[in-house]
Amino acid sequence: MATMDQKTNHKFELASRPVGMARRENWKYAEAPVPSPADGEFLVKIVYISLDPAMRGWMNEGRSYVPPVQIGDVMRALALGRVIESKNPKFAVGDYVTGAFGVQEYAVSNGAMVNKVPDIGIPLPVFLGTLGMTGMTAYFGLLEVGKPKAGDTVVVSGAAGATGGVVGQIAKIKGCRTVGIAGGAAKCEYIVKELGYDVAIDYKSEDVRKALQTTCPKGIDVFFDNVGGEILDAALAQLALRARVVICGAISQYNNTTPIKGPSNYLSLLVNRASMTGMIVFDWVDRYGEAAREMAGWVAQGKLHGLCDIHEGLHNYPEVFEKLFKGENRGKLVLKVCEEN
Ligand SMILES: NC(=O)c1ccc[n+]([C@@H]2O[C@H](COP(=O)([O-])OP(=O)(O)OC[C@H]3O[C@@H](n4cnc5c(N)ncnc54)[C@H](OP(=O)(O)O)[C@@H]3O)[C@@H](O)[C@H]2O)c1
């Protein structure tokens, strides 16, 4: 772990573009002197790094919603850290901040796209999860794209994850009936008992299409999809009239070495006058504050749980990152790099 007087910055740089699952050899564990901030900049000592499935996509060549990470660059990642040196009047030493600081121990920033973490008694890692990017994704994806109404049946894939776990809880707050799809009996029990889902479907042991027929006899009003592939197809087959399908992610397809599996049941959209809409959370960046205030209120009232799955040690980054694709995380997967203060 890093210490205050450390003069070396350890980091993971992209070494090669993965084929299939990203492995340790796709990164180089490198070190360099801790950078110094210039005028207008500040130095952040990173405490927690957010591990997100999207990082797998950023390792690929080609056009996406953000440019790919270049070979030799520090691996892009959202992170939370403490300002330890500042030449920027808007950021003081001691401030906790979130931003795209990368998989490393220290980062210099000019403050662009950096948010201060308010001191409101909520644990810091929650600002990378429920009150961070995945929470914003859940909030805007569900409320602005899914547009649930009280009494609707909302089905969520990846229901035990950082995004899906929050989607289910917000849907309950909004008076919906919730059905979560997750992998394994233990996760299914967890999403019902801890996250308040009404019903769980274990996609590893059940026929999802049949289970959706049983659990959603009147059809699915909102399907919030984090997984894609066969689970998306199964949900399309069970849509209600004027259903809204939110395409948030497709983690089952991110490590494909063969072409992505598209939905074959898409004519269900036509028959049911339904919509299927892709969403990228960054489109709502101007409204993050509004969402964070409302969700912080729900956290304070005990209606929304800030679930984090924290692992330690920067050097463990490649193996901890793999957990997302092996289903080994519950809630927001976070890597702790050093102590909070
Ligand atoms: N559009 C946006 O702006 C945006 C923003 C954030 C996240 N996302 C997307 O949201 C999704 C969830 O991200 P997250 O950060 O919240 O991750 P997460 O759900 O916390 O973790 C990933 C989970 O996906 C499940 N999974 C992995 N491989 C799978 C497979 N082959 N089939 C079915 N399920 C699989 C695993 O749960 P099980 O054990 O249940 O299989 C795993 O725990 C991802 O697709 C991500 O790209 C999109």
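The text that follows walks through the structure, step by step, so that each part is easy to find.

Parameters and conventions
Residues numbered from 1 in each chain as written. Predicted model: local features only at pLDDT ≥ 70, side-chain atom pairs only at ≥ 80, totals over all residues. Heavy atoms only, no water. Phe/Tyr/Trp six-rings, centres within 6.5 Å; stacked < 30°, edge-to-face > 60°. Helix = DSSP H or I, 4+ residues; strand = E, 2+ residues; numbered from the N terminus. Buried < 20%, exposed > 50% of the residue type's maximum accessible area, 1.4 Å probe, protein only. Pairing = 2+ DSSP bridges. Right-handed = clockwise from strand over helix to strand, strands pointing away. Near = heavy atom within 4 Å. Polar contact = N/O pair within 3.5 Å; in protein donor to acceptor, adjacent residues only side chain to side chain. Areas by Shrake-Rupley, 256 points an atom, 1.4 Å probe, with all protein chains shown as cover.

Here we come to the packing of aromatic side chains. Scanning all chains against the criterion turns up 11 aromatic pairs. Both rings, one in phenylalanine 12 and one in tyrosine 29, keep their centres 4.9 Å apart while their planes meet at 45°; by these two values the pair is tilted. Of this pair, phenylalanine 12 sits in strand β1 (residues 8-14) while tyrosine 29 sits in strand β2 (residues 27-33), and the two are 17 residues apart along the sequence. We classify phenylalanine 12 as buried; its relative accessible area is 1%.

Right, let's get into the pairing of strand β12 (residues 239-247). Pairing geometry for strand β11 (residues 220-225) and β12, over five bridges, is parallel. If you follow phenylalanine 224 over to β12, its bridge partner there is valine 246. In the classification by handedness, the crossover that spans β11, the intervening helix α6 (residues 229-236) and the parallel β12 is right-handed. The sheet contact formed by β12 and strand β13 (residues 275-278) spans four bridges and is parallel. In the strand pairing of β13, valine 245 is matched with methionine 276.

Around the ligand sit 28 residues, and of these Lys187, Tyr203, Tyr254, Met279 and Asn329 come closest. In this structure, a nitrogen atom belonging to the ligand sits 2.9 Å away from a main-chain N or O atom of cysteine 248. Separating an oxygen atom of the ligand from a backbone N or O atom of valine 281 is a distance of 2.8 Å. In isolation the ligand exposes 910 Å². Once the protein is present, 91% of that is buried.

Everything listed is a geometric property; what it means functionally is a separate question.
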